[in-house]
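Observations on chain architecture
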Amino acid sequence: MWRELIDEHTREARFAPPATERELQRVEESLGHLLPDDLAGLLGETDGVVDANGYNLVFSADQVLQGNLEMRTYPALKRLYMAFDQLLFFSDAPGDGNLFAYALVPEGRPDIFVWDHRTDNRRCVAPSLEHFVKAWLTGRVQL
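These remarks concern the structure in this document. (Residues numbered from 1 in each chain as written. Predicted model: local features only at pLDDT ≥ 70, side-chain atom pairs only at ≥ 80, totals over all residues. Heavy atoms only, no water.)

Overview of the overall build of the chain
Within the chain, the regular secondary structure consists of six helices and seven strands. Starting at the N terminus, the α and β elements of the chain follow one another as α-β-α-α-β-β-α-α-β-β-β-β-α. The C-alpha radius of gyration of the chain comes to 14 Å, within 12% of the 15 Å expected for a compact globule of 143 residues. Overall size of the chain, expressed as C-alpha extent along the three principal axes, is 40 × 35 × 25 Å. Per-residue burial for the chain yields a buried fraction of 45% across its 143 residues. Across the chain, the fraction of contacts at a sequence separation of at least 24, relative to all contacts at a separation of at least 6, is 51%. (Helix = DSSP H or I, 4+ residues; strand = E, 2+ residues; numbered from the N terminus. Rg over C-alpha atoms; globule rule 2.2 N^0.38 Å. Buried < 20%, exposed > 50% of the residue type's maximum accessible area, 1.4 Å probe, protein only. Contact = heavy atoms within 4.5 Å.)

See the structure below:
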């Protein structure tokens, strides 16, 4: 489903081999929460997606794990920003340092947020991963 959705909007995206169940389980165990169903489904089809310009439309499972662990535990970030424990980062904005994430509370919320690294603002930009992917690929994602 995800590869077809992306192919509808661009033939230039690069896909990786699917993440294994074990890799996804490792991410969930290490972060202490389940991955949203749609993100787990996407990673199960392709372990990350890189767009035509070389930017991460969706991080690989390992990038999701490492990036979120760093955001949640790096001391300098803890001093500068509100806690990131309630966010699950899965993509970065091309060239500007902002990150895209799910809000983990309330559980099961499908909305996608952008975190602004300059202001620490967290703002909803899409009602679902599907809408986010379409907006990114059509140049309408809100930064």
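Concerning the environment of D111
Tracing the chain through its elements places D111 in the loop between strand 5 (99–103) and strand 6 (112–115). The sequence separation of D111 and S60 amounts to 51 residues, and the corresponding C-alpha distance is 20 Å. For D111, the residues in contact, after removing those within four places along its chain, are A101, Y102, A103, C124, A126 and P127.

Let's talk about the pairing of strand 6
The alternating pattern of strand 6 places I112 and V114 on one face and F113 and W115 on the opposite face, and all of these are buried. Direction of pairing for strand 5 relative to strand 6: antiparallel, over a ladder of four bridges. Each residue of the ladder has a partner; that of L99, found in strand 6, is W115. Here strand 6 pairs with strand 7 (residues 122–126) via four bridges, running antiparallel. Among the inter-strand pairings, F113 is bridged to a residue of strand 7, identified as C124. Hairpin connection between strand 6 and strand 7: a loop of six residues separates the two successive antiparallel strands, and D120 in this loop has a positive phi of roughly 65 degrees. (Pairing = 2+ DSSP bridges.)

Here's the deal with the sheet that holds strand 5
Pairing within the open sheet is antiparallel, and its four strands lie in the order 4-5-6-7. Among the strands making up the open sheet, the edge pair consists of strand 4 (87–92) and strand 7. Taking each pair of neighbouring strands and ignoring which way they run, the sheet shows an average axis angle of 40 degrees. Of the strands in this sheet, strand 4, strand 5, strand 6 and strand 7 are in contact with helix 6 (residues 129–137), which crosses strand 4 at around 20 degrees. (Axes fitted to C-alpha atoms, helices over the stretch in contact; angles between N-to-C directions.)

A few points about the pairing of strand 4
Of all six residues in strand 4, five are buried; the element is thus mostly enclosed. Relative to strand 5, strand 4 runs antiparallel, the two sharing five bridges. Looking at the pairing, F89 lines up with A101 of strand 5. Connecting strand 4 to the next strand, strand 5, in antiparallel fashion are six residues, including G95 with a positive phi near 70 degrees.

What to know about helix 2 (residues 21–31)
Taken residue by residue, helix 2 has L24, V27 and L31 as its buried positions. The arc that holds the buried residues of helix 2, viewed along the axis, is 55 degrees, so those residues lie on one side. Looking at helix 2, the residues exposed on the side facing more than 90 degrees away from the buried face are E21 and E29. Buried residues in helix 2 make contact with helix 3 (37–45), helix 4 (61–73) and strand 4. Positioned one or two residues after helix 2, G32 has a phi angle of 85 degrees, which is positive. (Arc of directions from axis to C-beta.)

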